[in-house]
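Okay, here's what each chain looks like letter by letter:
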Amino acid sequence: PPVDTKWLEVCGTLYYRNCEVGIFVYSRYCFLAKEGASNQRSPFITFVLGGPGSGKGTQCVKIAETFGFAHLSAGDLLRKEMSSDNENRAMIWDIIKEGKIVPSEITVNLIRRAIESSKNHKILIDGFPRSDENRIAFERIVGVEPDLVLFFDCPEEEMVKRVLNRNQGRIDDNIETIKKRLKVFEKLNLPVINHYSAKGKVYKINAEGTADEIFEKVRPLFASLSI
Ligand SMILES: Nc1ncnc2c1ncn2[C@@H]1O[C@H](COP(=O)(O)OP(=O)(O)O)[C@@H](O)[C@H]1O
Ligand SMILES: Nc1ccn([C@@H]2O[C@H](COP(=O)(O)OP(=O)(O)O)[C@@H](O)[C@H]2O)c(=O)n1
């Protein structure tokens, strides 16, 4: 099992006082750690995709509330990184302002840490992967594939309208950046959806209508999962 250095120190100290006690405590620790590791359930991962403003975040909140999922938003993780003091903040700011895709290593590592620190094994990853490069980096770094991919299919005019009304003070919710984001979505994100469609993992939902109406189309899918 992974060794906790604090425990190693404790066992070392005990060992010097009384080697049998040290060995006993260490072997007991190893046994319990192994048991804990094998009891951990492997995560059930759902990628939630769709164009900017298609309603991914809104539906994720409802799924999380109703079905007990953890909601990890790639965009929120990047915005948090952008507003904290770190070496990547200026670069992330520039890329988001331009509607481009942040280097995969950065986003995947933020998601990996969020998955690791979540106690929930049912996880929604909202707004990721945005490109084949994102997808391949996730497979390499996190080492798993999604169990399910939700795709909110929404007409462009509706997405533009929603984003312009979002009113959250985001640097990318303006008409110039939205046009760029829509182009990036078509060029880089649709191939990811096609990749998972070919694997039979995509559940496509027409994202027109009210948020409640759309959730009624999402609900049966999650209600049918036995996880
Ligand atoms: N079905 C809907 N009809 C109208 N407005 C919506 C709908 N779903 C979400 N919105 C609003 O549109 C904006 C974008 O939704 P959001 O969930 O943030 O989309 P995304 O995460 O895909 O960018 C938000 O202001 C949200 O309140
Ligand atoms: N996997 C991701 C997700 C978001 N992003 C960046 O974050 C921006 C906002 O993403 P978001 O998912 O919060 O917003 P929407 O496109 O859903 O409105 C994107 O336009 C990208 O610039 C990224 O680079 N890589």
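All values derive from a computational prediction rather than experimental measurement. (Residues numbered from 1 in each chain as written. Chains lettered and ligands numbered in written order. Predicted model: local features only at pLDDT ≥ 70, side-chain atom pairs only at ≥ 80, totals over all residues. Heavy atoms only, no water.)

Q: Quick question: what am I supposed to make of the site of ligand 1 here?
A: Lining the immediate surroundings of ligand 1 are 13 residues, of which K56, G57, T58, R166 and G209 lie closest. At 3.2 Å, a backbone N or O of A211 approaches a nitrogen atom of ligand 1. When isolated, ligand 1 has an accessible area of 560 Å², and the protein chains bury 74% of it. For ligand 1, the cavity whose grid points lie within 2 Å of the majority of its atoms is the largest pocket. Those elements that provide at least two residues to the shell around ligand 1 are helix 3 (56–67) and helix 10 (211–223). The leading source of residues in the shell around ligand 1 is helix 3, at 3 residues. The class makeup of the residues in the shell around ligand 1 is 2 nonpolar, 8 polar and 3 charged. (Near = heavy atom within 4 Å. Polar contact = N/O pair within 3.5 Å; in protein donor to acceptor, adjacent residues only side chain to side chain. Areas by Shrake-Rupley, 256 points an atom, 1.4 Å probe, with all protein chains shown as cover. 1 Å grid on protein atoms, 1.4 Å probe; cavity = no way out; pocket = protein on both sides within 12 Å on 5 of 7 lines; lining within 4 Å. Sits in = over half its atoms within 2 Å of the grid points. Helix = DSSP H or I, 4+ residues; strand = E, 2+ residues; numbered from the N terminus. Nonpolar A, V, L, I, M, F, W, Y, C, P; charged D, E, K, R; others polar.)

Q: Just checking my understanding: could you explain the packing of aromatic side chains for this structure?
A: Think of a pair of aromatic rings as described by two things: how far the centres are apart, and how the planes are tilted against each other in angle. Applying the stated criterion to the full structure yields 9 aromatic pairs. Each ring, one from F47 and one from F138, has its centre 5.2 Å from the other, and the planes form 75 degrees; the classification is edge-to-face. With F47 in strand 1 (residues 44–50) and F138 in helix 7 (residues 132–141), this residue pair connects regions lying 91 residues apart in the sequence. A relative accessible area of 0% places F47 in the buried class. Note on F138: relative accessible area 1%, which makes it buried. A ring pair is formed by F67 and F215, whose centres lie 6.5 Å apart and whose planes are at 50 degrees; its orientation type is tilted. (Phe/Tyr/Trp six-rings, centres within 6.5 Å; stacked < 30°, edge-to-face > 60°. Buried < 20%, exposed > 50% of the residue type's maximum accessible area, 1.4 Å probe, protein only.)

Q: Would you explain the packing of helix 4 (residues 74–82) against helix 6 (residues 104–117) in this entry?
A: Two numbers describe a pair of packed helices, the interaxial angle and the distance between the axes. Following both chains from N to C, one finds helix 4 and helix 6 inclined at 105 degrees, their axes separated by 10 Å at the closest point. Relative to helix 6, the element helix 4 is oriented roughly perpendicular. Residues A74, L77, L78 and E81 of helix 4 lie in contact with helix 6, whose contacting residues are I106, T107, L110, I111 and A114. Class assignment for the residues of the contact of helix 4 with helix 6 results in 7 nonpolar, 1 polar and 1 charged. (Axes fitted to C-alpha atoms, helices over the stretch in contact; angles between N-to-C directions. Parallel < 35°, antiparallel > 145°, perpendicular 65-115°, else oblique. Contact = heavy atoms within 4.5 Å.)

Q: Quick question: what am I supposed to make of the site of ligand 2 here?
A: Residues in close proximity to ligand 2 total 20 residues, the closest being K56, K100, V102, R130 and R181. One of the side-chain N or O atoms of R79 is found 2.9 Å from an oxygen atom in ligand 2. Here an oxygen atom of ligand 2 and a backbone polar atom of V102 are 2.7 Å apart. Taken by itself ligand 2 offers 520 Å² of open surface, and the protein chains cover 96% of this. It is helix 4 that provides the largest number of residues to the shell around ligand 2, a total of 4 residues. Its residues assigned to classes, the shell around ligand 2 comprises 7 nonpolar, 5 polar and 8 charged.

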